[in-house]
Amino acid sequence: IADLPMEVDDDMLKKVFGEYGTVTWSRVFDSGGKPNKAAIVEFADIEEAKWCVENLDGNIPQGLSTPIQVMFKRSRSKDGGGKGYGGGGKWGNNAFSPYSKGKGAKPY
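As the structure is a computational prediction, the values presented were derived from the model and not from experiment.

Undergrad: Before we move on, can you summarise the nonpolar core with the specific residues and values?
TA: In terms of nonpolar packing, the biggest core is built from 17 residues, with I1, L4, L13, F17 and I68 touching the most fellow members. Of all the elements in the fold, those that place two or more residues in this core are α1 (10–18), β2 (38–43) and α2 (46–56). When sequence neighbours within four positions are dropped, the list of residues in contact with L4 reads L13, N36, K37, A38, A39, L64 and I68.

Here it is, written out as C-alpha cells:
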C-alpha cells in the first residue's frame, strides 16, 4: 500500500483495513523523507485482499483523507529478481547474446 498519509501508524492501519477484512498482519514503513508512507497488510482470506486491490486502489478508504495505491506484494525471486539482466527485454529469450550458441546467436 502506497501514498498513505504521514499520520498513519500501525494501529490506524489495522483499524482502517480491518473494515475491509480480517487483517492477520500489517506494518507501516517509515517514509524515509518522502511526503507519504507505505505499508503491507495481509488478510486472512485472498478474496478480501483481492477486493481491496480492485476497489481501494486509487480511491480514498474510510478513515483516510487522500487516495492510496493498493497492489499485491511483488515476490522476490531467489536470484535477486529485478536486478541486473535476465529473463526478458533486450537480453532475454530470442535476442542476440554473444555468450549463447542457441537461437539468435551470431558467430564471430
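Undergrad: Tell me about the pattern of salt bridges, residues and numbers included.
TA: Taken as a whole and assessed by the stated rule, the structure comprises one salt bridge. For K50, the salt bridge goes to E47, with nearest N and O atoms at 3.6 Å. Placement of the pair is K50 and E47 together in helix α2, with a separation of three residues, close to one helical turn. Take K50: its relative accessible area is 33%, and that puts it in the partly exposed class. The class for E47 is partly exposed, based on a relative accessible area of 47%.

Cut-offs applied
- Residues numbered from 1 in each chain as written.
- Predicted model: local features only at pLDDT ≥ 70, side-chain atom pairs only at ≥ 80, totals over all residues.
- Heavy atoms only, no water.
- Core = buried A, V, L, I, M, F, W, Y, C linked by side-chain atoms within 4.5 Å.
- Buried < 20%, exposed > 50% of the residue type's maximum accessible area, 1.4 Å probe, protein only.
- Helix = DSSP H or I, 4+ residues; strand = E, 2+ residues; numbered from the N terminus.
- Contact = heavy atoms within 4.5 Å.
- Salt bridge = Lys/Arg side-chain N within 4 Å of Asp/Glu carboxyl O.

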